[in-house]
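# Residue-level structural notes
Given next are the chains, with one letter for each unit.
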Amino acid sequence: MHSAPLTIGIEEEYQLIDPATGELAAVVQELLHDDRIMQIGDQVKPEFMQSQIEVGSAICRNVGEARMELQRLRREIDTVAQRHGYCIIAASTHPFARWEEQEANPGERYDDLKNYMQEVARQMLIFGMHVHIGFGTDPEQLDLLIDIQNQLRYFLPHILTLSTSSPFWHGHPTGLKSYRSIIFENLPRTGIPPTFSSFTDFNTMIETFGRVGALGKDRADGKADYTKIWWDARPQEQFGTLEVRVCDICTTVDEAVAIAALIQALCAKLIQLRNQNLSWRIYPNELIAENKWRAVRWGLDGQLVDYGKRESIPMRFLTHELLELVDDVVDELGSRQEIDYIKTILDKGTSSDRQLAVYYQCKADGADEDEALRAVVAHLREETMRGVVE
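For clarity, every value in this text was computed on a predicted model and none was experimentally measured. (Residues numbered from 1 in each chain as written. Predicted model: local features only at pLDDT ≥ 70, side-chain atom pairs only at ≥ 80, totals over all residues. Heavy atoms only, no water.)

It is worth spelling out the pairing of strand S4 (residues 52-56) at this point. Summarising burial for S4: 5 of the 5 residues are buried, a large majority. Of the two faces of S4, both are covered, the one formed by Gln52, Glu54 and Gly56 as well as the one formed by Ile53 and Val55. Two strands pair when backbone bridges link them, and strand S1 (residues 8-18) and S4 are joined in this way by 5 bridges, in the antiparallel orientation. Bridge pairing in S4 places glutamine 15 opposite glutamine 52. As paired strands, strand S3 (residues 44-46) and S4 are joined by 3 bridges and run antiparallel to one another. (Buried < 20%, exposed > 50% of the residue type's maximum accessible area, 1.4 Å probe, protein only. Helix = DSSP H or I, 4+ residues; strand = E, 2+ residues; numbered from the N terminus. Pairing = 2+ DSSP bridges.)

What follows is the structure, encoded as structure tokens:
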């Protein structure tokens, strides 16, 4: 029987905001030198832009621990930010900021990124959420991870629809629910991952990329830097985790925990099927990419293709099917309450849906463009800290 610990780790990238104006603030270096941040240690670090800050949870045995970690980290980072006159919000794009006005962080990794990617890198004013599911670092566990990643690819668009939080870009609604996905896929080595026959097969590709200089300098251990592979899901050999990167950052903690719980439950279900000599059908990337585009464009309001039936099905109906699929594993995982919150997302919409509702209501009430966009920032601020402040 194959099994995995299925621990959970969550990384979130927050926007640093001037509360007086709602604008992004390039202050991450100032915050990182605060004593309180330094006590948190390597759970906090800068990202590409000086107006963003990244946190990573501890390894959590279950979704309850993951919730407490996100609450603690949001609370700690915001407390420090407010001490310096700023605050945080969680959304994958800022409603009106422009990338041309942002400053990148200093450092060799970021300099290499700018030099290699040029204008593409400079546009990366986006904020994400990465969910790590623990498998282990033994060769057998890494092969299991690869097999589950191959199958999980099918569900990546479904996961994205539930997390969308980036409907705006440069001060206007884009007509898309996840504009972050569009910006991010300007980078190479992004999108739906390819399939692999084993972890060795995956490693061979990484070594080839490293040998031809696609991944920059090797890591300290002399191996190619696989962290410059930015697929929507990838193995993290160092931690023995499957890292799901397709999500927009969720504005509320409840949403983030629900989606992490769903990813964990999907992995558990796929392992269960494997142990019964069953598996999810492996579909070509071109078919999954079509569903991802639909997720990016319409989110929960769209239709994804059920490739087994070869029909377009409303995403809200597919979400209920997804919940039925994992229903027999969630009690053992202790995540039924968190999984049930997916139904609340269906009812209230994602962050993108709620942001757009605030924007259009303000416009209907007579607000000008600037006032409507700043109202969206205020809305994001309130939701980011909901259930976080003690």
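Next comes the rest of the account.
With that settled, the discussion passes to a nonpolar patch on the surface. Where nonpolar side chains cluster on the molecular surface, the patch consists of Ile182, Trp293 and Trp298 and spans about 280 Å² of accessible area. One can find tryptophan 293 in helix H11 (residues 285-298). A relative accessible area of 39% places tryptophan 293 in the partly exposed class. (Patch = residues over 30% accessible without salt bridge, like charges linked within 9 Å, V, L, I, M, F, W, Y side chains within 5 Å. Areas by Shrake-Rupley, 256 points an atom, 1.4 Å probe, with all protein chains shown as cover. Salt bridge = Lys/Arg side-chain N within 4 Å of Asp/Glu carboxyl O.)

All told, the structure shown has 12 aromatic pairs when counted by the stated rule. Look at tryptophan 169 and tyrosine 179: their rings are 5.5 Å apart centre to centre, the planes differ by 40°, and that puts the pair in the tilted class. Here the residue tryptophan 169 occupies a position in strand S7 (residues 168-169), and tyrosine 179 occupies one in helix H8 (residues 179-184), the gap between them amounting to 10 residues. Aromatic ring contacts, followed pair by pair, group Tyr154, Phe155, Trp280, Tyr283 and Tyr307 into a single cluster. Positioned over the ring face of phenylalanine 184 is arginine 180, at 5.8 Å from the centre of the ring. Stacked on the ring of phenylalanine 209, the Lys or Arg arginine 189 has its end atom at 6.0 Å from the ring centre. (Phe/Tyr/Trp six-rings, centres within 6.5 Å; stacked < 30°, edge-to-face > 60°. Lys NZ or Arg CZ within 6 Å of the ring centre and 35° of its normal.)

With the rule as written, the count across this model stands at 29 salt bridges. Where glutamate 321 meets lysine 309, a salt bridge forms, and the shortest distance between an N and an O atom there is 3.9 Å. One end of the pair, glutamate 321, is in helix H12 (residues 315-333); the other, lysine 309, is in the loop between strand S13 (303-306) and strand S14 (311-314), with 12 residues separating them in the sequence. Three or more residues are tied together by salt bridges with common partners; here these are Glu255, Arg354, Glu382, Glu383 and Arg386.

Turning our eyes to something else, we now look at the state of the cysteines. This model, assessed by the stated rule, comprises 0 disulfides. Residue cysteine 60 stays outside any disulfide, its sulfur separated by 15 Å from that of cysteine 267, the closest cysteine. When its relative accessible area of 1% is taken as the criterion, cysteine 60 is described as buried. Left unpaired, cysteine 87 is separated from the closest cysteine sulfur, that of cysteine 362, by 18 Å. A relative accessible area of 6% means that cysteine 87 is categorised as buried. (Disulfide = S-S within 2.5 Å.)

This paragraph deals with the environment of threonine 174. Summarising the element assignment, threonine 174 is placed in the loop between strand S8 (172-173) and H8. Linking threonine 174 and arginine 297, residues 123 residues apart in sequence, is a C-alpha distance of 9.3 Å. Filtering out sequence-adjacent residues up to four positions away, threonine 174 remains in contact with Pro167, Phe168, Trp169 and Tyr179. (Contact = heavy atoms within 4.5 Å.)

So, about the environment of threonine 93. Examined against the element boundaries, threonine 93 turns out to sit in the loop between strand S5 (87-89) and helix H4 (108-117). Beyond its immediate stretch of four places on either side in the chain, threonine 93 contacts Gln15, Ile126, Phe127, Ser165, Ser166, Pro167, Phe168, Trp169 and Arg180.

A separate point is the packing of helix H6 (residues 139-152) against helix H9 (residues 199-211). Relative to each other, H6 and H9 sit at 80°, their axes nearing to 8 Å. Comparing the axis directions of H6 and H9 gives the class roughly perpendicular. Residues Leu142, Asp143 and Ile146 of H6 touch H9, and the partners they reach there are Phe199, Thr200 and Phe202. Taken together, the residues of the contact of H6 with H9 break down into 4 nonpolar, 1 polar and 1 charged. (Axes fitted to C-alpha atoms, helices over the stretch in contact; angles between N-to-C directions. Parallel < 35°, antiparallel > 145°, perpendicular 65-115°, else oblique. Nonpolar A, V, L, I, M, F, W, Y, C, P; charged D, E, K, R; others polar.)

A few words on unusual backbone geometry. The residue leucine 6 is not glycine, and still its phi comes out positive at about 55°. Mapped onto the elements, leucine 6 comes out in the segment before S1. The buried category is assigned to leucine 6, whose relative accessible area is 6%. Even without being a glycine, asparagine 277 presents a positive backbone phi close to 60°. Relative to the elements of secondary structure, asparagine 277 occurs in the loop between helix H10 (253-275) and H11.

A few words now on the side chain of glutamate 243. Along the chain, glutamate 243 turns up in strand S12 (residues 241-244). Polar side-chain contacts of glutamate 243 include one of 3.2 Å to the side chain of histidine 130. At 3.0 Å, the side chain of glutamate 243 and the side chain of arginine 245 are in polar contact. Look past the residues within four positions of glutamate 243 in its chain and what remains in contact with it is Glu11, His130, Val131, His132, Asp232, Ala233, Arg234 and Gln236. (Polar contact = N/O pair within 3.5 Å; in protein donor to acceptor, adjacent residues only side chain to side chain.)

In short, geometric facts, not functional conclusions.
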